[in-house]
Amino acid sequence: MSPRPVKAPVIAVVGPSGVGKDSLMDAMLTRIPGLKKQRRVITRAPELGGEDYVAVSETQFADLCAERSFALHWQAHGLYYAIPREIDVLRRSASGVVVNLSRKALLEAQDVFSTLIVLSVTATPEVLAARLNARGREDRAEVERRLARASTPLPEGLLHVVEIDNSGPLDAAVATAEAALTPWLQPERA
Ligand SMILES: Nc1ncnc2c1ncn2[C@@H]1O[C@H](COP(=O)(O)OP(=O)(O)O)[C@@H](O)[C@H]1O
Ligand SMILES: O=P(O)(O)OC[C@H]1O[C@H](OP(=O)(O)OP(=O)(O)O)[C@H](O)[C@@H]1O
């Protein structure tokens, strides 16, 4: 019997709204060989732009949760979010799997996934406000609520955290992320 392949690390990209998590993940996917991204399940209306996600109703989300379809789930911004258990399939072939997580879900994620690398993305408050307004996905009141949550600290007890300043060009942030992740990435498998 052949040995079970080592699971690729889960790379949690976290940080305040508008800091560039989705932009950074997309750029990392084009640059880092074998890196894959796990889509999230979200109770958000479909096709609101930005990330590729599975849009469900609150009832569908509750049903999926009861069926134990999720590896991890949390609530934020009046929405429910989840990482489906399918992430395990990606972890058996990818060099690493990126996911966009809530900072408050990180300790549970570390327990669930074992090898969790946290990329903590930062930018100045001025940059955050400008980017959120320019993105245009949320109305002004929601942008204000998101900015008020911007300084949420990371929980204590995380084993592997890398801070990525994304106040400047995206390329610089991607280069920092790639250099930090290289020692953790698994060889690609068929
Ligand atoms: N380094 C960067 N320089 C300029 N604009 C950026 C940079 N990173 C992200 N953006 C822009 O900022 C906005 C918010 O980025 P997004 O990736 O949606 O953030 P998040 O997923 O953290 O909310 C988007 O319009 C995106 O194009
Ligand atoms: O607890 P926090 O770390 O503040 O995170 C709260 C939520 O904000 C982000 O969601 P989402 O990607 O929908 O919003 P964003 O693109 O505006 O960051 C993140 O993925 C979490 O789901």
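Residues numbered from 1 in each chain as written. Chains lettered and ligands numbered in written order. Predicted model: local features only at pLDDT ≥ 70, side-chain atom pairs only at ≥ 80, totals over all residues.

Let's talk about the site of ligand 1
- Taken together, 15 residues are adjacent to ligand 1, and Gly20, Lys21, Asp22, Ser23 and Arg131 come closest.
- Elements that contribute at least two residues to the shell around ligand 1 include exactly α1 (21–31), α5 (125–135) and α7 (170–181).
- Residue composition of the shell around ligand 1, grouped by class: five nonpolar, six polar and four charged. (Near = placed C-beta within 6 Å. Helix = DSSP H or I, 4+ residues; strand = E, 2+ residues; numbered from the N terminus. Nonpolar A, V, L, I, M, F, W, Y, C, P; charged D, E, K, R; others polar.)

Observations concerning the sheet that holds strand β8 (residues 116–122)
- Overall, parallel pairing links the five strands, which are arranged β2-β7-β1-β8-β9 in an open sheet. Looking along the sheet, the strands with just one partner apiece sit at the ends: β2 (35–37) and β9 (161–165). Averaged over all pairs of adjacent strands, the angle between their axes in this sheet comes to 25°, without regard to strand direction.
- Relative to β9, β8 runs parallel, the two sharing five bridges. Along β9, the bridge assignment pairs Ser120 with Glu163.
- Against the sheet, α1 makes contact with β1 (10–14), β2, β7 (96–100) and β8, and its axis sits at roughly 165° relative to β7, the strand it touches most. (Pairing = 2+ DSSP bridges. Axes fitted to C-alpha atoms, helices over the stretch in contact; angles between N-to-C directions. Contact = placed C-beta atoms within 7 Å.)

Quick look at the nonpolar core
- Ranked by internal contacts, the top residues of the largest apolar core, which has 43 residues, are Ile11, Ala12, Val13, Ala109 and Leu119.
- Those residues in contact with Val13, other than ones at most four positions away along the chain, are Lys21, Leu24, Met25, Val98, Asn100, Leu119 and Val121. (Core = buried A, V, L, I, M, F, W, Y, C linked by C-beta atoms within 7 Å. Buried ≥ 20, exposed ≤ 12 C-beta atoms within 10 Å, placed from the backbone.)

Section: the site of ligand 2
- For ligand 2, the set of nearby residues contains 14 residues, the closest of which are Ser17, Ala76, Asn100, Ser102 and Arg103.
- Partitioned by chemical class, the residues of the shell around ligand 2 number four nonpolar, five polar and five charged.

Thoughts on the UniProt feature "binding site: ATP" (unreviewed entry) in the chain
- According to UniProt, the "binding site: ATP" (unreviewed entry) feature falls on Gly15, Pro16, Ser17, Gly18, Val19, Gly20, Lys21 and Asp22.
- For Pro16, the position within the fold is in the loop between β1 and α1.
- Given 22 C-beta atoms within 10 Å, Pro16 falls into the buried group.
- Non-local contacts of Pro16, meaning those with residues more than four positions away in its chain, are made with Leu128, Arg149 and Ala150.
- Other than its neighbours up to four places away in sequence, Asp22 contacts Gly50, Glu51 and Asn100. (UniProt positions renumbered as here; feature names shortened; annotations may be inferred.)

So, the pairing of β1
- Burial analysis of β1 places five of its five residues in the buried class, the great majority of the element.
- As paired elements, β1 and β7 share four bridges and run parallel to each other. Looking at β7, one finds that Ile11 is bridged to Val98.
- Summarising the sheet, β1 and β8 pair through five bridges and their orientation is parallel. Along β8, the bridge assignment pairs Ala12 with Val118.

A few points about the packing of α5 against helix α6 (residues 140–148)
- It is the contact of α5 with α6, at a shortest axis distance of 10 Å, that shows an interaxial angle of 150°. Classified by the interaxial angle, the pair formed by α5 and α6 is roughly antiparallel. Two packed elements cross with a definite hand, and for α5 against α6 that hand is right-handed. Of the residues in α6, those in contact with Leu128, Ala129, Leu132 and Asn133 of α5 are Val143, Arg146 and Leu147.
- The residue inventory of the contact of α5 with α6, partitioned by class, reads five nonpolar, one polar and one charged. (Parallel < 35°, antiparallel > 145°, perpendicular 65-115°, else oblique. Left-handed = near helix turned anticlockwise from the far one by under 90°.)

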